[in-house]
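Close look at the chain arrangement
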Amino acid sequence: MSRPEDSPWAVSVAQVSTRAGQSTRVDRDFPAPEGIGDQVVGIPAGTPVHVKGDIDSLVDGLLLQAHVSVPLKTECTRCLRPVNTSIQDDPVVFFPYKEPEPEPTHGKEEILAEQEDEAGGQTYPLASGGAFMDLEALLRDTLVEALPLQPLCRPDCRGLCPQCGMDLNDHPDHHHEMMDDRWAALEGLKQRLEQEENPGSDGRTGE
Ligand SMILES: [Zn+2]
Ligand SMILES: [Zn+2]
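On a predicted model such as this, the values are computed, not experimentally measured, just so you know.

A short note on the overall build of the protein chain
Of the regular secondary structure elements, the protein chain holds 3 helices and 12 strands. Across the 207 residues in the protein chain, those meeting the buried criterion constitute 20%. Pairs at least 24 residues apart make up 58% of the contacts formed inside the protein chain by residues separated by at least 6 positions.

Rendered as structure tokens:
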């Protein structure tokens, strides 16, 4: 059995969760949880995610206001060049002292994770009766949401030539002389249509 404090995402909050008005800080790296994006646009599990934030104890729970940052290596969806960027986000989440579910948990705290409170903000459970805050679910949710759907090397990337794949960022004047090809294709189509209209002896049952 693994204890909550053995989790690589555990943050000890026992000293602040005893009464309201206390505060502490978190400022360190946590390993990226599994399941963030895919191989093209994603964060490999274990990538150091830096979390810097304040934890304040309120009457009914702990409030975490954090800045989360992690490097992102991906490729431009237009020109396929490698893109080295980062994901930044500023989640504000609440960890209530009271378990939101009346039934006793059987070590299945994951199921309770990610509940929306009335204000629409994210709420996560504390572990070990309020002694630890586990940031795994929070980090996964935050990073999945912050992943760019279509990363670009720069906002105005010209992409690749759809005909030959040449990088149009390097060759902005690149184009193909397409008129001749198009007229030739049209001519071929015209001939085919004319043949279909006059199928000769191979007529349909039009009697
Ligand atoms: Zn690009
Ligand atoms: Zn081309």
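Looking at the confidence of the model for the protein chain
Per-residue confidence for the protein chain gives a mean pLDDT of 85, with 82% of residues at or over 70. pLDDT under 50 marks residues 110–119. Its contacts with residues more than four places away, or in other chains, come to 18 contacts.

Overview of the sheet that holds strand 12 (residues 132–134)
Read across the sheet, 3 strands follow the order 1-12-11 without closing on themselves; strand pairing throughout is antiparallel. At either end of the open sheet lies a strand with only one pairing partner, and these are strand 1 (10–12) and strand 11 (126–127). Of the pairings in the sheet, the one linking strand 1 to strand 12 comprises 3 bridges and is antiparallel in character. Paired with Val11 across the bridge in strand 12 is Met133.

Topic: the nonpolar core
Membership of the largest hydrophobic core comes to 28 residues, with the highest contact counts inside it found for Met133, Leu135 and Leu139. Among the secondary structure elements, those contributing two or more residues to this core are strand 5 (48–57), strand 6 (61–75), strand 8 (92–96), strand 11, strand 12 and helix 2 (136–146). Sort the elements by how many residues they give to this core and strand 6 lands first, with 6 residues. The contact partners of Leu135, leaving out residues within four places of it in the chain, are Trp9, Val11, Phe30 and Val51.

Topic: unusual backbone geometry
Its identity is not glycine, yet Leu80 carries a phi of approximately 70°, on the positive side. Of note, Ser128 is a non-glycine position whose phi angle comes to about 55°, a positive value. Examined against the element boundaries, Ser128 turns out to sit in the loop between strand 11 and strand 12. For Ser128, a count of 16 C-beta atoms within 10 Å puts it in the partly exposed group.

Quick look at the environment of Asn84
By the element assignment, Asn84 lies in strand 7 (residues 82–89). In this structure, the C-alpha to C-alpha distance between Asn84 and Cys153, residues 69 residues apart in sequence, is 8.4 Å.

Concerning the pairing of strand 5
Along strand 5, the buried face is formed by Val49, Val51, Gly53, Ile55 and Ser57; none of Pro48, His50, Lys52, Asp54 and Asp56, which line the opposite face, is buried. Examined bridge by bridge, strand 2 (residues 23–31) and strand 5 share 9 bridges and lie antiparallel to one another. Bridge pairing in strand 5 places Arg25 opposite Asp54. In the sheet, strand 5 pairs with strand 6 via 8 bridges, with the strands oriented antiparallel. Following the sheet pairing, Asp56 is matched in strand 6 by Leu63.

Calculation criteria
- What you see as residue numbers is a count from 1 along each chain, following the sequence as written.
- Here every chain gets a letter starting at A, and every ligand a number starting at 1, in the order they are written.
- In view of the model being predicted, local features appear only for residues whose pLDDT reaches at least 70, and side-chain atom pairs are presented and counted only at 80 or more, with totals across whole chains, interfaces and linings using the full set of residues.
- Strands are runs of DSSP state E lasting at least 2 residues, helices are runs of H or I lasting at least 4, and numbering of each runs from the N terminus.
- Residues with at least 20 neighbouring C-beta atoms inside 10 Å of their own are called buried, those with 12 or fewer are called exposed, and the rest are partly exposed, where every C-beta is derived from the backbone.
- Two residues qualify as a contact pair if the distance between their C-beta atoms, derived from the backbone, is within 7 Å.
- What pLDDT expresses is the predictor's confidence in each residue, scored from 0 to 100.
- Strands are labelled as partners when DSSP assigns at least two bridges between them.
- Any nonpolar core is a set of buried residues, restricted to Ala, Val, Leu, Ile, Met, Phe, Trp, Tyr and Cys, that join up through C-beta atoms within 7 Å.

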